[in-house]
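Chain by chain, the residues:
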Amino acid sequence: MTADTLAPVAPSTSGATAPKIGFVSLGCPKALTDSELILTQLRAEGYATSKTFAGADLVIVNTCGFIDDAVKESLDTIGEALAENGKVIVTGCLGAKGGDGGDNLVRKMHPSVLAVTGPHAANEVMDAVHRHSPKPHDPFVDLVPSQGVKLTPRHYAYLKISEGCNHRCSFCIIPSLRGDLVSRPIGDVLGEAQRLFDAGVKELLVISQDTSAYGVDVKFRTGFWDGRPVKTHMTELCEKLAEIAAKHGAWVRLHYVYPYPHVDAILPLMASGGILPYLDVPFQHSHPDMLKRMKRPANGEKNLERLQRWRAACPELVIRSTFIAGFPGETEAEFEHLLDFMREAQIDRAGCFAYSAVDGATANDLPGMLPIELREERRARFMAVAEAVSAAKLQRRVGATMQVLVDAAPALGRQGGVGRSYADAPEIDGRVQLLPPEKASKTLKVGEFARARIVGTRGHDLVGVPV
C-alpha cells in the first residue's frame, strides 16, 4: 500500500487563490494510474494540491478494497482525513463495496463523506470536486505537462492498457469492483507511451487486470497509430512499444500476464531486447484440483511445459509470480505439490498470501476452510522454499556485469546508490545495492542507466560496483 501527495501547484494569477486538494492514493498500480488521471485533471483545471489534510479545502482518498488489511487501511485513512479536514471524497475499489444488508460500506462506516465512487471514475470524482470546491482557472498559467501528473519518480511510469477482468476466480472480487474487461483504444495507449518516453521516462510498466487478454473485448479490432493500422492485440502492442522505447533507449516491462498460448510470440521480442525478458505471471497454485476450485484458466502441468518453452526461447527470462497458501479444501498433498512446483519451476521472484476470506468471494462458501494458523504456517513454508530458489538464482549472477537503472544516487553516487536490473520491478522485487565506484571520476545520476559488476548478494538484493 502506498499513500502519496504532490507538492503544491502554483496558484492561479487571475486574482483568486486556487483551492487546494489533499490526495491519498492507496492500493495497487491500477489504482495509482486512476489517481494520476484525477490529479492530471485537477492540475488542468487550475487546482492546487496540499501536502496536509488540514491545509486542504477538501481531501480525495483513492481506496483499496481487496483484502481485509487493505479495507482497514482505507477506512482508517478516510477517518483520519475526516478528523483533520472534514470534507472528504472517496473513490476506488472500496467505494464499490457493499456492507451488511447491501448498504455502501464506506457510507455505513463514514456517513459524513461528501461523495463515494467506485474505481476508474475520474469524471464522477471531478463532478464532486466541482460541487464542493469550485475553482478559479487561468488557462494561460495553469499548464499541465503533456504526459499528465504522475505519482511515480520521473524516470518510470505505469501504463494501464485495460480495465476490469473477464475471469471469475473464486477468491477474487475484482470483477465486481472494476467490471468486465474494457480495453483502451490502441492508439490512445501508444500515444500515452510516446508522451511518457518524450518526457524522459526510462522504464514503462504495462499493467492491467489481465494484460494477455488485451483486445479480447473488442475482438482485436484494428486501430490506428502514427497514421498506420494496428490491431488491438497484446503482441502488436508489444511490438509497437518496443519500437517507441528503442528510440529513447528505454525499458518496457510487462505485468499481470496470464499464460495464454499467444504469449509465446512475445518471447522472441524479449530475446532480442525489444521488451525486458521479465514476465509477471499470477500462477496462484500448481495442483490441477486446486486450480479448478480457484476457477483459474490453466493447470500446473501446462504451466511447467510453458516455462520450459519460454526459457528455451529466451534463456535470460525472469519470472515473478504470486501464490495462495491455505485455500479452502487444500490438502497437505496439494500443498506439497505446490512446493514441488516451486522447486521445479524455479520461479525467480515469488510472493505468497495466506488465503483471506474476502467479503463477496465465492471461495468463502467452499467446504474445508482451514484454520488461520494453518494458512499462515503454509505461507511461511512456501516462502522458505521460494526464498531458497531465489537466493540460489541471485548467487549465479555474481561475476556478471548488468545494466542498472539508477533509482537513488546521493552525492552523484560517489558513496554508492541504489538501482534495479531488468529482473527487478520497482517496489515488489529486489534491488541492486551499488557500492562506491572504483574510479573517482565515475558518477551516477537518478533516472539514467549504469553498468555494474555484481560482486555479491544481500538478502533479496544484488550488490554491484559501477564500472
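In what follows, the structure referred to is the one given above.
Numbers given to residues run from 1 along each chain, matching the order in which its sequence is written. At least 70 in pLDDT is required for a residue's local features to be given in this predicted model, at least 80 for side-chain atom pairs to be given and counted, and no such filter applies to totals for whole chains, interfaces and linings, which use all residues. The basis for the side-chain values is all heavy atoms of the structure; hydrogens and waters are excluded.

(A) Molecular detail of the overall build of the chain. Across its full length, the chain holds twelve helices and 20 strands. As defined in this context, the radius of gyration uses C-alpha atoms, and a globule is described by 2.2 Å times the residue total to the power 0.38. On C-alpha atoms alone, the chain measures out to a radius of gyration of 23 Å, which is about the 23 Å that the 2.2 N^0.38 rule sets for 467 residues. In terms of overall dimensions, the chain has C-alpha extents of about 65 × 65 × 45 Å along its principal axes. Contacts spanning at least 24 positions in sequence make up 74% of the contacts within the chain whose residues lie at least 6 apart. Working note: accessible area of the chain is about 19,600 Å², and carbon and sulfur atoms make up 53% of it. Counted charges follow a simple rule, with Lys and Arg positive, Asp and Glu negative, and His plus the chain ends left uncounted. Every charge is mapped onto a representative atom, which is NZ of Lys, CZ of Arg, CG of Asp or CD of Glu. Here the chain holds 53 positive side-chain charges and 55 negative ones, and the gap between their average locations is 5 Å. Note on conventions: DSSP H or I runs of at least 4 residues are helices, E runs of at least 2 residues are strands, and numbering of each starts at the N terminus. Contacts are assigned to residue pairs with any non-hydrogen atoms lying within 4.5 Å of each other. Computed with the Shrake-Rupley method and a 1.4 Å probe, the accessible areas treat only the protein chains shown as cover for residues.

(B) The arrangement of the pattern of salt bridges in detail. What counts as a salt bridge is simple: a side-chain nitrogen of Lys or Arg found within 4 Å of a carboxyl oxygen of Asp or Glu. Across all of its chains, the model carries 28 salt bridges by this definition. Here Arg 184 ties to Glu 192 by a salt bridge, and the two come within 2.7 Å at their closest N and O atoms. Throughout, exposure labels follow a simple rule: accessible area from a 1.4 Å probe, protein chains only, divided by the maximum for the residue type, with under 20% read as buried, over 50% as exposed, and the rest as partly exposed. Classification of Glu 192 by relative accessible area gives buried; the value is 14%. The residue Lys 445 makes a salt bridge to Glu 448 at a minimum N-O spacing of 4.0 Å. For Glu 448, a relative accessible area of 40% translates into the label partly exposed. Salt bridges sharing partners connect three or more residues here, namely Glu 330, Glu 332, Glu 336, Glu 377, Arg 378 and Arg 381.

(C) View of the environment of Arg 195. Tracing the sequence through the fold places Arg 195 in helix 6 (residues 186-198). C-alpha separation for the pair Arg 195 and Gly 148, spaced 47 residues apart in sequence, amounts to 9.0 Å.

(D) Looking closely at the packing of aromatic side chains. We call Phe, Tyr and Trp rings a pair once their centres come within 6.5 Å, taking the six-membered ring for Trp, and we label the pair stacked below 30 degrees between planes, edge-to-face above 60, and tilted otherwise. Applying the stated criterion across every chain yields a total of eight aromatic pairs. An angle of 75° between the planes, with centres 5.9 Å apart, marks the rings of Phe 283 and Phe 341 as edge-to-face. With Phe 283 in the loop between strand 13 (278-280) and helix 9 (288-294) and Phe 341 in helix 11 (residues 332-345), this pair connects stretches of sequence that are 58 residues apart. There is no split in this pair, since Phe 283 and Phe 341 are both buried.

(E) Expanded view of the pairing of strand 9 (residues 203-207). By the criterion of burial, strand 9 is predominantly enclosed, with five of the five residues buried. Two strands make a pair as long as DSSP finds a minimum of two bridges between them. In terms of strand pairing, strand 6 (residues 156-160) meets strand 9 through five bridges, oriented parallel. Each residue of the ladder has a partner; that of Ala 157, found in strand 9, is Leu 204.

(F) The packing of helix 11 against helix 12 (residues 372-395), seen in detail. At a minimum axis separation of 9 Å, helix 11 and helix 12 run at an interaxial angle of 15°. Taken as axis vectors, helix 11 and helix 12 run roughly parallel relative to one another. In this structure, helix 11 meets helix 12 at a crossing whose hand is right-handed. Where helix 11 abuts helix 12, its residues Glu 332, Phe 335, Glu 336, Leu 338, Leu 339, Met 342 and Arg 343 lie against Arg 378, Arg 381, Phe 382, Val 385, Ala 386 and Val 389. Residues belonging to the contact of helix 11 with helix 12 are distributed by class as follows: eight nonpolar, no polar and five charged. Throughout, an axis means a line fitted to C-alpha atoms (over the contacting stretch in the case of helices), and angles, computed between N-to-C directions, take values from 0 to 180 degrees. Here roughly perpendicular refers to angles of 65 to 115 degrees, roughly parallel to angles under 35, roughly antiparallel to angles over 145, and oblique to all remaining angles. Crossing handedness is read from the near helix: turned anticlockwise from the far helix by less than a right angle, it gives a left-handed crossing, and turned clockwise, a right-handed one. Nonpolar residues are Ala, Val, Leu, Ile, Met, Phe, Trp, Tyr, Cys and Pro. Charged residues are Asp, Glu, Lys and Arg, and all others, Gly as well, are polar.

(G) Just the environment of Val 206, in detail. Of note, Val 206 is situated in strand 9. Along the chain, Val 206 and Val 257 lie 51 residues apart, while their C-alpha atoms are 9.8 Å from each other. Other than its neighbours up to four places away in sequence, Val 206 contacts Leu 159, Ile 161, Thr 211, Leu 241, Val 252, Arg 253, Leu 254 and His 255.

(H) Fine view of the sheet that holds strand 16 (residues 401-408). On the basis of which strands lie adjacent, the closed barrel formed by five strands has the order 16-17-18-20-19 and mixed pairing. Between one strand and the next, the sheet's axes are offset by a mean angle of 50°, whatever the strand orientation. As paired elements, strand 16 and strand 19 (residues 449-458) share five bridges and run antiparallel to each other. Pairing of Gln 403 across the sheet is with Arg 451, part of strand 19.

(I) Representation of the nonpolar core within the structure. Think of a nonpolar core as a cluster: buried Ala, Val, Leu, Ile, Met, Phe, Trp, Tyr and Cys residues, connected wherever their side-chain atoms sit within 4.5 Å. Counting 56 residues, the largest nonpolar core has Leu 254, Leu 279 and Phe 382 as the members making the most contacts within it. The leading source of residues in this core is helix 7 (residues 234-248), at seven residues. Non-local contacts of Leu 279, meaning those with residues more than four positions away in its chain, are made with Leu 254, Val 257, Val 263, Met 270, Trp 310, Leu 317, Val 318, Ile 319 and Arg 320. Counting residues in each nonpolar core, the second largest holds 42 residues, with Val 125, Tyr 158, Ile 207 and Leu 462 among its members.

(J) The arrangement of the sheet that holds strand 3 (residues 58-63) in detail. Sheet architecture is open: five strands sit in the order 2-1-3-4-5, paired in parallel fashion. With one partner strand each, in any of the chains shown, strand 2 (48-50) and strand 5 (115-116) form the two edges of the open sheet. In the packing of helix 2 (residues 68-84) onto the sheet, contacts are made with strand 1 (20-25), strand 3 and strand 4 (88-92), and the angle to strand 3 comes to roughly 180°.

(K) Representation of helix 4 (residues 122-132) within the structure. Taken as a whole, helix 4 has its buried residues at Ala 122, Val 125, Met 126, Ala 128 and Val 129. An end-on view of helix 4 places all buried positions within 160° of arc, on one side of the element. Exposed side chains of helix 4 directed beyond 90 degrees from the buried face belong to Asn 123 and Arg 131. The directions from the helix axis to the C-beta atoms form the arc being described.

(L) Looking closely at the side chain of Arg 397. Along the chain, the position of Arg 397 falls in the loop between helix 12 and strand 16. One buried charge, Arg 397, has no salt-bridge partner; the nearest side chain with opposite charge is Glu 316, at 4.2 Å. When sequence neighbours within four positions are dropped, the list of residues in contact with Arg 397 reads Glu 316, Val 318, Met 402, Tyr 422, Ala 423, Ile 454 and Leu 462.

(M) Spotlight on the state of the cysteines. When two cysteine sulfur atoms are found within 2.5 Å, that pair is recorded as a disulfide. This model, assessed by the stated rule, comprises zero disulfides. Unpaired in terms of disulfides, Cys 165 finds its nearest cysteine sulfur in Cys 169, a separation of 6.3 Å. Under the relative-accessibility criterion, Cys 165 is labelled buried at 7%.

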